[in-house]
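The chain contents come next:
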Amino acid sequence: MSIRRGKRTLEEHVMSLQFRYRLIKKVLTTARPRAIAHLTRNYVVQGLQVLRQNLTGRLYPTAMHLEITTYCRFDCQGCYITSDERRDESIMPDDVAERAIQWGKRHGVGIFTLIGGEPLTTATLPLIKKIVAKHSSVAFFCCSNAAIFSTAPDAVAGILELDNLSIVVSLDGFAETNDALRGHGSFQRTMRAARTLREQRCFFGVLVTLRRCNLAEATSPEFVSFLSDSGFHYLGYSISEGIDASLLQDVLTRAARLMGQFPIFLYCTDVGPMDLPSGAYRHRIVYVSRDGRILNDRRERIVITDIEGTDGGAETVVECEPWKRRFTKGWRPRPCRPGVPDRF
């Protein structure tokens, strides 16, 4: 899936340069230099890996998502985690997380994203701080509903000083829309977190899940302008299962129109960076579940192998058709039976 663009005019080139200048200026004046350098370097290296794969035709993991817990005390609309799993307070064991990260680093993975459930709680903080501090050469992103910034602000403050960690908070629209999807008060909670992250000069972003009900609002210039003015450095669009192939092109067109208007980096999970809108530029993500199973996708959840059974090689993953299929044109996740992953 891609957006067709004609040859750029001189005016469009000038606007592109102006946008990049505004974005760089914003980042340099609002985030800590070491955080910018560390996270940007790993992101650029990963992008170059993807480009090299496009030239050689050989797919390989470039990023890893660690599902460190499935627990979450909220019940947001469209959550793919079952209610039983959301009540399970188990956390990924330290040794499983360590093996997964070491495996990723051996194979060139430089970006690790912590997901859940809700991965940022007082219970998971010791694990997060341990792995992020130990593996300082790679970049970590942590998705969050931002609740901990209200319930335990002092506890979360301890990880905000880590330059190789970037917090990504969830927000699906303005207050009325967001709270209808994520619960009353969630908009104010998220914005409170954004203020804290801004005050600490963190390099941070926002993740917006696009559904039919919030598509127009979440991709409007007014909403993206609000996010940029609120200090977010990057905006990621996650496409829900409710957005089928017929709507995906409309989503990409809307998002592409926002490029260059505001100093905020745009990324879409289905196509990659919005200045290169094609599925060929998606990060080659491998998923590791809480119990150490390597999955093809966090929603489709086909088990490829166990992290203990990789024997130091990535061949089992790269030869898995359900994993490779994710990076082909028009791929959409196939819903699995709730709570029961398939096995490849």
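Keep in mind that what you see is a predicted model, and the values were worked out from it rather than measured. (Residues numbered from 1 in each chain as written. Predicted model: local features only at pLDDT ≥ 70, side-chain atom pairs only at ≥ 80, totals over all residues. Heavy atoms only, no water.)

Let's talk about the overall build of the protein
Move 1: A tally of regular secondary structure across the protein gives 14 helices and 12 strands.
Move 2: Split into buried and exposed, the 344 residues of the protein put 55% on the buried side.
Move 3: Put simply, the protein shows about 15400 Å² of open surface, and 54% of that area lies on carbon and sulfur atoms. (Helix = DSSP H or I, 4+ residues; strand = E, 2+ residues; numbered from the N terminus. Buried < 20%, exposed > 50% of the residue type's maximum accessible area, 1.4 Å probe, protein only. Areas by Shrake-Rupley, 256 points an atom, 1.4 Å probe, with all protein chains shown as cover.)

A closer look at the environment of L160
Move 1: Structurally, L160 can be placed in the loop between helix 7 (153–157) and strand 4 (165–170).
Move 2: Along the primary structure L160 and L197 are separated by 37 residues, whereas in three dimensions their C-alpha atoms are 7.7 Å apart.
Move 3: What L160 contacts, discounting residues up to four positions off in sequence, is R32, F149, I167, T196, L197, Q200 and C202. (Contact = heavy atoms within 4.5 Å.)

A look at the pattern of salt bridges
Move 1: Throughout the structure, instances matching the rule amount to 14 salt bridges.
Move 2: The partner of E67 in a salt bridge is R301, and the shortest N-O contact between them spans 3.1 Å. One end of the pair, E67, is in strand 1 (residues 63–67); the other, R301, is in the loop between strand 10 (293–295) and strand 11 (302–306), with 234 residues separating them in the sequence.
Move 3: For R99, the salt bridge is made with D95, and the minimal N-O distance between the two is 3.3 Å. Residue R99 and its partner D95 are located together in helix 4 (residues 94–106), separated by four residues, close to a single helical turn.
Move 4: Residue class for R99 comes out partly exposed when judged on its relative accessible area of 28%.
Move 5: The class of D95 is partly exposed, set by a relative accessible area of 43%.
Move 6: The structure contains a network of salt bridges with shared partners spanning R32, R34 and D163. (Salt bridge = Lys/Arg side-chain N within 4 Å of Asp/Glu carboxyl O.)

Overview of the packing of helix 4 against helix 5 (residues 125–134)
Move 1: Two elements in contact, helix 4 and helix 5, have axes whose closest approach is 11 Å; the angle formed by their N-to-C orientations is 30 degrees. What the angle tells us is that helix 4 and helix 5 run roughly parallel. At the point where helix 4 passes helix 5, the crossing takes the right-handed sense. Each of D94, A97, E98 and I101 in helix 4 lies in contact with helix 5, whose residues at this interface are L127, K130, I131 and K134.
Move 2: Looking at the contact of helix 4 with helix 5 residue by residue, the classes come out as four nonpolar, no polar and four charged. (Axes fitted to C-alpha atoms, helices over the stretch in contact; angles between N-to-C directions. Parallel < 35°, antiparallel > 145°, perpendicular 65-115°, else oblique. Left-handed = near helix turned anticlockwise from the far one by under 90°. Nonpolar A, V, L, I, M, F, W, Y, C, P; charged D, E, K, R; others polar.)

Thoughts on helix 2 (residues 33–56)
Move 1: Between its first and last C-alpha, helix 2 extends 35 Å over 24 residues, near the 34 Å set by a 1.5 Å rise per residue.
Move 2: When we look at burial in helix 2, the residues that qualify are A35, I36, H38, L39, N42, Q46, Q49, V50 and Q53.
Move 3: G57 sits one or two positions beyond helix 2 and adopts a positive phi of about 80 degrees. (Expected span 1.5 Å × (residues − 1).)

Observations regarding the packing of aromatic side chains
Move 1: For the coordinates displayed, the defined rule picks out eight aromatic pairs.
Move 2: Ring centres of Y43 and F265 lie 5.8 Å apart, and the angle between their planes is 85 degrees; on these two criteria the pair is classed as edge-to-face. Placement of the pair is Y43 in helix 2 and F265 in strand 7 (residues 265–268), with a sequence separation of 222 residues.
Move 3: Here Y43 falls in the partly exposed class, since its relative accessible area comes to 25%. (Phe/Tyr/Trp six-rings, centres within 6.5 Å; stacked < 30°, edge-to-face > 60°.)

Description of the nonpolar core
Move 1: Membership of the largest hydrophobic core comes to 76 residues, with the highest contact counts inside it found for L120, F149 and I167.
Move 2: It is helix 12 (residues 245–258) that contributes the most residues to this core, six residues altogether.
Move 3: Dropping the residues within four chain positions of it, L120 is found in contact with L125, I128, C142, S144, I148, F149, V156, I159 and I167.
Move 4: Residues L23, I36, A139 and Y234 belong to the second largest nonpolar core, which totals 13 residues. (Core = buried A, V, L, I, M, F, W, Y, C linked by side-chain atoms within 4.5 Å.)

Examining the pairing of strand 2 (residues 111–115)
Move 1: The buried count for strand 2 comes to five of five residues, which makes it a mostly enclosed element.
Move 2: On strand 2, burial covers both faces: I111, T113 and I115 on one face and F112 and L114 on the other are all buried.
Move 3: Where strand 1 lies against strand 2, five bridges are found, and the strand directions are parallel. Of the residues in strand 2, the one forming a bridge with A63 is I111.
Move 4: Assessed by its sense of winding, the connection that carries the chain from strand 2 through helix 5 to strand 3 (residues 139–144) is right-handed. (Pairing = 2+ DSSP bridges. Right-handed = clockwise from strand over helix to strand, strands pointing away.)

Thoughts on the side chain of T113
Move 1: By secondary structure assignment, the location of T113 is in strand 2.
Move 2: Those residues in contact with T113, other than ones at most four positions away along the chain, are M64, H65, L66, F141 and C143.

As for the side chain of H65
Move 1: Here H65 lies in strand 1.
Move 2: With residues near it in sequence (within four places) discarded, H65 still touches T113, I115, I285, V286, Y287 and V288.

Observations concerning helix 11 (residues 221–229)
Move 1: For helix 11, every residue scored as buried is listed here: F223, V224, L227 and S228. An end-on view of helix 11 places all buried positions within 135 degrees of arc, on one side of the element. Pointing more than 90 degrees away from the buried face of helix 11 are the exposed residues E222 and D229.
Move 2: Of the residues trailing helix 11, G231 is marked for its positive phi of about 105 degrees. (Arc of directions from axis to C-beta.)

Side note on a nonpolar patch on the surface
Move 1: There is a patch of nonpolar side chains on the surface, built from V44, L48 and L51 and spanning about 240 Å² of accessible area.
Move 2: Relative to the elements of secondary structure, L51 occurs in helix 2.
Move 3: For L51, a relative accessible area of 36% puts it in the partly exposed group. (Patch = residues over 30% accessible without salt bridge, like charges linked within 9 Å, V, L, I, M, F, W, Y side chains within 5 Å.)

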